[in-house]
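Topology and contacts: notes
Read off the chains here:
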Amino acid sequence: MAQPDFERMWRDLAPIGRSTSSGGYFRQPWLSAELELRAWFREAATARGLEVEEDPFGNLVAWWPPQGVSRLAGARTSTSGAVLTGSHLDSVLDGGAFDGPLGVVSSFAAIDLMRERGVAPTRPLGVAAFVEEEGSRFDRACLGSRLAVGAASWADARELTDRDGVRLGDVVEGGTSTLLDGVDAYVELHVEQGRGLVDQDAAVGIGSGIWPHGRFRYDVAGRADHAGTTRMEDRADPMLTYAMTALAANKQARLAGQRATFGRIEVRPNGTNAVPSHVTAWLDARAESDQALADLVAAIERQAVDRADRDGTTVTVTAESVSGQVAFDVPLRHEVAATLGSERRRVPVLPTQAGHDAGILQEAGIRSSMLFVRNPTGISHSPEETAGTADCLAGVEALADALTGLVG
Ligand SMILES: [Zn+2]
């Protein structure tokens with residue numbers, strides 16, 4: 001039974017990168033906790049006789065070769081029709097245990113279950129762990145999968161720096177990835193990051209698509225001055241422009257039923273007794289369609305510029321990344337849904353407001369699908385993120401059924 005395997009793997013991962021104060025996880029790519037997770041991934045693969053392949057960006061795939069093929073190495077890239085599952089191992093800063101690792105652990109457990117059931121794959125089946133999915137270190141979400149499919153260029157990416165000024169190009173070798181050559185389909189299992197499955201009273205759901213999403217940097221420039229001697233009416237305070245912009249973003253998103261968040265700011269000189277000279281703030285915006293996102297972002301920018309005029313400041317908005325709406329492959333979704341046996345379980349179909357590697361692969365022409373596992377509170381990107389063991393095991397079973405349908 002896959003249950004003890006799943007629970008053992010989950011226990012093994014639990015302490016890695018966990019903060020003793022908050023209980024949250026710090027698993028930024030290529031730092032100690034994430035390196036430990038990569039070592040764990042290799043061990044889990046080796047223990048199952050899977051062949052691990054790593055691309056020059058650090059993306060990992062553990063391959064289960066098809067029946068009759070003893071070694072996949074060398075031959076794999078000429079094999080078409082490979083099926084991929086998996087997710088990512090990194091976390092946001094102070095994140096939860098489930099976002100990412102649940103998909104990887106469930107993939108290994110699904111392979112265990114398939115073997116127990118005597119399934120022999122007719123095509124290569126890989127478990128992927130994509131690197132820097134959260135963008136927690138180099139500030140580009142899904143960076144590993146974007147590089148793997150060629151949606152991000154290495155020439156640009158290698159110049160990215162982390163908060164300590166370390167260049168990505170000095171952390172990984174880079175180059176060209178052949179890791180996904182021949183991959184025909186990707187199925188990613190993920191903890192749900194909202195309450196869609198709670199509301200529909202279901203343990204597992206299927207993804208229909210991903211809302212478009214953008215990250216925008218707001219640079220607000222004013223004039224540094226003394227907090228005591230400068231009269232209020234004589235100031236050019238960028239903090240005011242920022243604060244009103246954050247309120248405007250919240251209001252615009254509420255009015256339109258969308259999402260807008262300022263979750264990160266940097267202030268210069270960042271002193272208690274100084275009017276700041278500069279505020280840099282990052283807007284994360286998401287909406288149900290590309291047009292709705294463009295409208296939302298334009299409305300927020302308009303209000304920021306209006307406010308800057310009144311504050312005597314200037315505001316410059318730079319789009320750091322914008323991902324368009326993703327619709328997962330509909331025939332694949334039907335194929336997956338059919339294997340889940342709607343008789344036995346009710347499997348709702350729902351969109352997600354969170355970005356995923358599956359969206360990057362889908363956009364790159366690899367048909368993709370997602371399975372979501374119920375999150376009882378809907379909280380994610382937080383130490384409080386959780387999922388019940390019974391639901392996780394239902395997820396493993398659903399994934400094993402879906403993969404069996406694709407490779408069995
Ligand atoms: Zn994730």
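Everything quoted here is computed from the prediction, not taken from an experiment. (Residues numbered from 1 in each chain as written. Predicted model: local features only at pLDDT ≥ 70, side-chain atom pairs only at ≥ 80, totals over all residues. Heavy atoms only, no water.)

1. Quick notes on the overall build of the protein
Looking only at helices and strands, the protein features 11 helices and 15 strands. Relative to its length of 408 residues, the protein is compact, with a C-alpha radius of gyration of 23 Å against a globular reference of 22 Å. In the protein, buried positions account for 55% of the 408 residues. Nonlocal contacts in the protein, meaning residues at least 24 apart in sequence, comprise 76% of its contacts between residues at least 6 apart. Of the roughly 17,000 Å² that the protein leaves accessible, carbon and sulfur atoms contribute 49%. If you average the places of the 39 positive and of the 56 negative side-chain charges in the protein, the two averages end up 2 Å apart. (Helix = DSSP H or I, 4+ residues; strand = E, 2+ residues; numbered from the N terminus. Rg over C-alpha atoms; globule rule 2.2 N^0.38 Å. Buried < 20%, exposed > 50% of the residue type's maximum accessible area, 1.4 Å probe, protein only. Contact = heavy atoms within 4.5 Å. Areas by Shrake-Rupley, 256 points an atom, 1.4 Å probe, with all protein chains shown as cover. Lys, Arg positive; Asp, Glu negative; His and termini not counted. Charge placed at Lys NZ, Arg CZ, Asp CG, Glu CD.)

2. Thoughts on the coordination of the zinc ion
Listed as protein donors to the zinc ion are His-88 (NE2), Asp-99 (OD) and His-190 (NE2); their distances from the metal cover 2.0 to 2.1 Å. Going along the chain, you hit the donors of the zinc ion in the pattern H-x10-D-x90-H. Here Asp-99 is found in the loop between β3 (82-88) and α3 (101-116), whereas its partner His-190 is found in strand β5 (residues 183-191), with 91 residues between them in sequence. In this pair, the class of Asp-99 matches that of His-190, namely buried. (Donors = N, O, S within 2.8 Å, 3.2 Å for Na, K, Ca; no water.)

3. Topic: the domain arrangement of the protein
Here the protein is described as being made up of domain 1 (2-211 + 325-407) and domain 2 (213-323). Taken over C-alpha atoms, the centre of domain 1 sits 34 Å from the centre of domain 2. Each partner contributes residues to the interface: domain 1 has 12 residues there, and domain 2 has 14 residues. With both sides pooled, the region where domain 1 packs onto domain 2 buries about 1,100 Å², and carbon together with sulfur makes up 37% of that total. Together, Asp-139, Trp-211 and Gln-325 form the three largest contributors to the area buried by domain 1 at its contact with domain 2, with a combined 56%. (Domains from an automatic or database assignment. Buried area = accessible area lost by both parts, 1.4 Å probe.)

4. Re unusual backbone geometry
Put simply, Arg-268 and Pro-269 share a cis peptide bond, and its omega is 0°. Along the chain, Pro-269 turns up in the loop between β9 (259-268) and β10 (274-275). Phi at Trp-30 is positive, roughly 65°, even though this residue is not glycine. By secondary structure assignment, the location of Trp-30 is in the loop between α1 (2-13) and α2 (32-47). Residue Trp-30 is classed as buried on the basis of its relative accessible area of 13%.

5. A word on the pattern of salt bridges
In total, this model carries 25 salt bridges according to the counting rule given. A salt bridge links Arg-8 to Asp-5, with the shortest nitrogen-to-oxygen separation between them at 3.3 Å. Of the two residues, Arg-8 and Asp-5 are both situated in helix α1; the distance of 3 residues between them amounts to about one turn of the helix. On the basis of relative accessibility, which here comes to 16%, the residue Asp-5 falls in the buried class. Between Arg-264 and Glu-266 there is a salt bridge; the shortest N-O distance is 3.3 Å. You can call Arg-264 partly exposed: its relative accessible area is 22%. In this structure Glu-266 comes out as partly exposed when scored by relative accessible area, which is 42%. (Salt bridge = Lys/Arg side-chain N within 4 Å of Asp/Glu carboxyl O.)

6. With respect to the layout of surface pockets
Roughly 1,100 Å³ of internal volume is contained in the largest pocket. Around the largest pocket, the lining comprises 40 residues; the ones closest to its centre are Val-92, Arg-215, Asp-284, Arg-286 and His-381. No other element matches β9, which puts 5 residues into the lining of the largest pocket. In the lining of the largest pocket, the residues fall into 12 nonpolar, 16 polar and 12 charged. (1 Å grid on protein atoms, 1.4 Å probe; cavity = no way out; pocket = protein on both sides within 12 Å on 5 of 7 lines; lining within 4 Å. Points joined across faces, edges and corners; volume = space filled by probe spheres on them. Nonpolar A, V, L, I, M, F, W, Y, C, P; charged D, E, K, R; others polar.)

7. Brief notes about empty space enclosed by the protein
Considering all chains together, one arrives at 1 cavity of 30 Å³ or more under this definition. Roughly 40 Å³ of volume is contained in the largest cavity. Elements with a contribution of two residues or more to the lining of the largest cavity: α2 and β4 (125-130). When grouped by side-chain class, the residues that make up the lining of the largest cavity number 5 nonpolar, no polar and 3 charged.

8. A word on helix α7 (residues 238-256)
The terminal C-alpha atoms of α7 lie 27 Å apart, and with 19 residues this matches the ideal 27 Å at 1.5 Å per residue to within 8%. When we look at burial in α7, the residues that qualify are Pro-238, Thr-241, Tyr-242, Thr-245, Ala-248, Ala-249, Gln-252 and Ala-253. Projected onto a plane normal to the axis of α7, the buried residues spread over an arc of 125° and lie on a single side. For α7, exposure combined with an orientation more than 90 degrees from the buried face picks out Leu-247, Lys-251, Arg-254 and Leu-255. On its buried face, α7 is in contact with β7 (213-221), β9, β11 (278-286) and α8 (290-311). The N-cap residue of α7 is Asp-237: its side-chain oxygen and the backbone nitrogen of Met-239 are 2.8 Å apart. One or two residues past the end of α7 sits Gly-257, with phi positive at roughly 70°. (Expected span 1.5 Å × (residues − 1). Arc of directions from axis to C-beta. Polar contact = N/O pair within 3.5 Å; in protein donor to acceptor, adjacent residues only side chain to side chain.)

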